[in-house]
Amino acid sequence: AATVVAAALGATERLDSVALESVLKRATLSLGVDRFVDTVVSHFLTEVGTRWHVGTLSPAHEHLASDTVRRVLAWVSQAYEVEPNAPRIVVATPAGEMHELGAMAAAAAAVSEGWRVVYLGANLPGRDISRAAEQVGARVVALSVVYPDDGATAGEIVEAARSLPPGATLVIGGAGASVIEDAILPEGVRVLGDISSLRRMLRDAGSSGDHVVGEVAR
């Protein structure tokens, strides 16, 4: 996986989206979807985000990486046929959080676990996220947080948690999730450290048929 990440970073530095997409798709086939999403994507996105944040990668590099990973994750998700009655999970980022690739990785993982994903994208107010969850009958709402905006992000998450429909649960994760974890969150909101933890939670929820108490990933 480290070799794949290094090759992906090299292609990103060269602004070579064709090479980057090829590297990522080959990794999907050689490593398998679970390992690709849980290790390659998470490590690559973390590296890109860190380098963008400190200025060693430009916004152009970050956008190219984001768009390419988005295409590859969509390609991965389309490979699965989800049952019509599969449990639903809403995936998004809260208002103020513009980085959605962690959310996209979580969505791909959920699809591979047999869940029907309602993907809302980035920068959405907490109340709107909860309304969407109510409309589709989602059992889980998963929010990704990379760079929290002081207390504003925590406030959006609290709003989402308080307005969730009965029986649904909120899960959060991402590189900035530990900051949110220090905030005062409503009871039942949990933070997951990685995609593997999300998978375990979804497997338990899917096998039991019960509502989960739950978390997204990096």
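See the structure shown above.
The rules behind each value
- Residues numbered from 1 in each chain as written.
- Predicted model: local features only at pLDDT ≥ 70, side-chain atom pairs only at ≥ 80, totals over all residues.
- Heavy atoms only, no water.
- Helix = DSSP H or I, 4+ residues; strand = E, 2+ residues; numbered from the N terminus.
- Buried < 20%, exposed > 50% of the residue type's maximum accessible area, 1.4 Å probe, protein only.
- Salt bridge = Lys/Arg side-chain N within 4 Å of Asp/Glu carboxyl O.
- Phe/Tyr/Trp six-rings, centres within 6.5 Å; stacked < 30°, edge-to-face > 60°.
- Lys NZ or Arg CZ within 6 Å of the ring centre and 35° of its normal.
- Pairing = 2+ DSSP bridges.
- Axes fitted to C-alpha atoms, helices over the stretch in contact; angles between N-to-C directions.
- Contact = heavy atoms within 4.5 Å.
- Right-handed = clockwise from strand over helix to strand, strands pointing away.
- Core = buried A, V, L, I, M, F, W, Y, C linked by side-chain atoms within 4.5 Å.

Enquirer: For this particular structure, what's the right way to read unusual backbone geometry?
Expert: A negative phi angle characterises most non-glycine residues, just as the trans form characterises most peptide bonds. Non-glycine residue leucine 15 carries a positive phi angle of around 55°. Within the secondary structure, leucine 15 sits in the loop between α1 (2-13) and α2 (17-31). Residue class for leucine 15 comes out partly exposed when judged on its relative accessible area of 41%.

Enquirer: Looking at this model, I keep getting lost on the pattern of salt bridges. Mind explaining?
Expert: Here the idea is simple: oppositely charged side chains can pair when their charged atoms come close. Enumeration according to the criterion identifies 13 salt bridges in this entry. Notably, a salt bridge pairs glutamate 159 with arginine 127, separated by 2.4 Å at the nearest N-O pair. One end of the pair, glutamate 159, is in helix α7 (residues 150-162); the other, arginine 127, is in helix α6 (residues 126-136), with 32 residues separating them in the sequence. Judged by relative accessible area, arginine 127 falls into the partly exposed class, the value being 40%.

Enquirer: Got a minute to help me understand the packing of aromatic side chains in this structure?
Expert: For any two aromatic rings, the description comes down to two numbers: the centre-to-centre distance and the angle of the planes. The full count for this structure, using the stated rule, is zero aromatic pairs. Across from the ring centre of tryptophan 75, 4.9 Å away, lies the NZ or CZ of lysine 25, which sits over that ring.

Enquirer: Looking at this model, I keep getting lost on the sheet that holds strand β2 (residues 116-124). Mind explaining?
Expert: Adjacent strands of a sheet form backbone hydrogen bonds with each other and so pair up, either parallel or antiparallel. Sheet architecture is open: five strands sit in the order β2-β1-β3-β4-β5, paired in parallel fashion. The outermost strands of the open sheet, each flanked by one partner alone, are β2 and β5 (190-192). Between one strand axis and the next, the sheet turns through 25° on average, direction left out of account. With three bridges joining them, strand β4 (residues 169-173) and β5 adopt parallel strand pairing. Bridge pairing in β5 places glycine 173 opposite leucine 192. Sheet contacts for helix α5 (residues 101-112): β1 (88-94), β2 and β3 (140-144); angle to β2, the most-contacted strand, approximately 175°. On top of the sheet, α6 reaches β1, β2 and β3; it is set at about 170° to β1, its chief contact.

Enquirer: Help me understand the environment of proline 186 in this model?
Expert: Here proline 186 lies in the loop between α8 (177-181) and β5. With 40 residues separating them along the chain, proline 186 and valine 146 place their C-alpha atoms 20 Å apart. Filtering out sequence-adjacent residues up to four positions away, proline 186 remains in contact with Val158, Ala161 and Arg162.

Enquirer: Looking at this model, I keep getting lost on the pairing of β2. Mind explaining?
Expert: Every other side chain in a regular strand lies on the same face of the sheet, so the side chains alternate between the two faces. Judged from the six bridges that link them, β1 and β2 form a sheet pairing that is parallel. Directly across from proline 94, in β2, lies its bridge partner leucine 124. A crossover links β1 with its parallel partner β2, the connecting element being α5, and its sense is right-handed.

Enquirer: Honestly, the nonpolar core in this entry has me stumped. Any pointers?
Expert: Across soluble globular proteins, nonpolar side chains have a tendency to be buried as a group. Grouped together as the largest cluster of nonpolar side chains are 45 residues, with contacts concentrated most on Leu24, Phe36, Val37, Phe44, Val69 and Ile89. Only α1, α2, α3 (33-54), α4 (59-77), β1, α5, β3 and α9 (195-208) provide two or more residues apiece to this core. The element contributing the most residues to this core is α5, with nine residues. If you look at the next biggest cluster of nonpolar residues, it comprises 18 residues, including Val118, Ile129, Leu170 and Ile180.

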